[in-house]
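Per-entry structural report
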Amino acid sequence: MDRRVWRDGEIVSEAMVSALAHPMQRGSLVFDVLSFHDTARGVAVFRLREHVARLLRSCGIVGLTSRWSEAELCAATLAAVGATGLRDGLIRMQAFVPTVEADLVPRDPAASIVIAAYARDDHPKKHQAKGPLRVAVPKDMRKAAPNAIPPLAKVAAAYLGPMIARRRALENGFDEIVLLDHEGKVAEAPTANVMTVIGGTLVTPPLGAILDGITRDTLLKLADEEGIISVERALSYEELVSADEAFLTATSYLVAPIASFDEHVLSAAPGPVTTKLRARFTRLIAGDDPRASEWMTPL
Ligand code: PMP
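Residues numbered from 1 in each chain as written. Predicted model: local features only at pLDDT ≥ 70, side-chain atom pairs only at ≥ 80, totals over all residues. Heavy atoms only, no water.

**Structural notes on the sheet that holds strand 4 (residues 42-46)**
The sheet built from seven strands is open, its strands ordered 2-1-6-5-3-4-17 with antiparallel pairing. Across the chains shown, the open sheet's two edge strands, defined by having one partner strand only, are strand 2 (10-12) and strand 17 (296-298). On average, adjacent strands in this sheet sit at an angle of 30° to one another, irrespective of strand direction. Bridge analysis of strand 1 (residues 5-7) against strand 2 gives three bridges, and the strand direction is antiparallel. Following the sheet pairing, Trp 6 is matched in strand 2 by Ile 11. Strands in contact with helix 2 (residues 48-62) are strand 3 (30-39), strand 4, strand 5 (89-96) and strand 17; relative to strand 3, the strand with the most contacts, it is inclined by about 175°. (Pairing = 2+ DSSP bridges. Helix = DSSP H or I, 4+ residues; strand = E, 2+ residues; numbered from the N terminus. Axes fitted to C-alpha atoms, helices over the stretch in contact; angles between N-to-C directions. Contact = heavy atoms within 4.5 Å.)

In structure tokens:
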């Protein structure tokens, strides 16, 4: 695996960090993951500006400062992809205090930023399901309340509860989990948003307790263009498990149909609305869609 990455203004062969650095102890590292694709007009990054803006927002929420502007980080991301020579894959952007800090609040909040591009297969997901997902909804663990961990910060510490809950579900034969929020309403998967189709309408939880997934936003806009009505509203467990269709959206999953929630099997996976939206999304990231000129940034 080629480990050449962009770090703080230059392409380096390996981005090292001390095992004693602040994020190792406190989970204070913020990150974002985006994708690049081989399109007819060359290699292009999907919704680059939105991902960089989200990384900078995560920095702001956690209290890290960036020496790099949004435009500079967009250019750096394109350089990081270009340095690998890859034509399709994922990009991970990370911002963190690189120094050893004994105090909970680092004295110097200046972030070191690393941007690494890699082929999807370089980080094979051991637990990636092949077909429609069998999803558990844990009863004993919930998504952190927004006033405990801000859901709009993609910060390492936020993934601890979901990690524990997901491990238990994998041990019980499930592929993935969807967490309920602090009020018992449907929230999201550990690293993906959840969408349902109920009576032909796309229904997905509102922002509040969840991350504003960029794939989620894309699907809502594409649904609108396809004449599919969508609503963002609180969704109960009962509505979730009796939905006509359901799927996860994420940079990693793209659009992933859900077969079942707990012991409740959905009638179709993928159902017609999922199939239609997934086909449109697939064309988009291949650059073969009117929206591509706006959302696909060539190298
Ligand atoms: N929710 C959480 C908590 C996530 O970590 C992710 C992955 N970034 C998502 C949702 C999906 O977001 P996106 O579509 O931007 O990848």
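The discussion continues.
**Things to note about the site of the ligand**
Near the ligand, the surroundings consist of 16 residues, among which Lys 154, Tyr 159, Glu 188, Thr 215 and Thr 251 are the closest. Tyr 159 is positioned such that a nitrogen or oxygen atom in its side chain is 2.5 Å from an oxygen atom of the ligand. Glu 188 has a polar side-chain atom sitting 2.7 Å from a nitrogen atom of the ligand. Within the complex, the protein chains bury 96% of what would otherwise be the 390 Å² of accessible surface of the ligand. If you list the elements that add at least two residues to the shell around the ligand, you get helix 2, helix 5 (214-225) and strand 14 (245-250). Tallied by class, the residues present in the shell around the ligand amount to six nonpolar, seven polar and three charged. (Near = heavy atom within 4 Å. Polar contact = N/O pair within 3.5 Å; in protein donor to acceptor, adjacent residues only side chain to side chain. Areas by Shrake-Rupley, 256 points an atom, 1.4 Å probe, with all protein chains shown as cover. Nonpolar A, V, L, I, M, F, W, Y, C, P; charged D, E, K, R; others polar.)

**Focus on the side chain of His 22**
Assignment of secondary structure puts His 22 in helix 1 (residues 22-26). Polar side-chain contacts of His 22 include one of 2.8 Å to the backbone oxygen of Leu 104.

**Structural notes on the pairing of strand 14**
Within strand 14, six of the six residues are buried, which leaves it mostly tucked inside the rest of the structure. Neither face of strand 14 is open: one carries Glu 245, Phe 247 and Thr 249, the other Ala 246, Leu 248 and Ala 250, and all of them are buried. Summarising the sheet, strand 11 (residues 193-198) and strand 14 pair through five bridges and their orientation is antiparallel. Within strand 14, the residue paired with Met 195 across the bridge is Phe 247. Relative to strand 15 (residues 254-261), strand 14 is paired through four bridges, and the arrangement is antiparallel. By the bridge assignment, Ala 250 is partnered in strand 15 with Leu 254. With antiparallel pairing between neighbouring strands as the criterion, strand 14 and strand 15 make up a hairpin whose turn holds three residues. (Buried < 20%, exposed > 50% of the residue type's maximum accessible area, 1.4 Å probe, protein only.)

**Comments concerning the pairing of strand 3**
With eight of ten residues buried, strand 3 is to be regarded as a mostly interior element. Where strand 3 and strand 4 come together, four bridges link them in antiparallel fashion. Counted as the bridge partner of His 37 is Ala 44 from strand 4.

**Remarks on the pattern of salt bridges**
Overall, the coordinates contain 20 salt bridges when judged by the stated rule. One salt bridge connects Asp 32 with Arg 54, and the closest N-O pair in it is separated by 2.8 Å. With Asp 32 in strand 3 and Arg 54 in helix 2, this residue pair connects regions lying 22 residues apart in the sequence. Classification of Asp 32 by relative accessible area gives buried; the value is 0%. (Salt bridge = Lys/Arg side-chain N within 4 Å of Asp/Glu carboxyl O.)

**Side note on unusual backbone geometry**
Pro 270 follows Ala 269 through a cis peptide bond whose omega is 0°. Located in the positive-phi region is Leu 254, a residue other than glycine, with phi close to 60°. Looking at the secondary structure, you find Leu 254 in strand 15. Phi at Asp 262 is positive, roughly 50°, even though this residue is not glycine. Positionally, Asp 262 belongs in the loop between strand 15 and strand 16 (264-265). Using a relative accessible area of 15% as the deciding quantity, one classes Asp 262 as buried.

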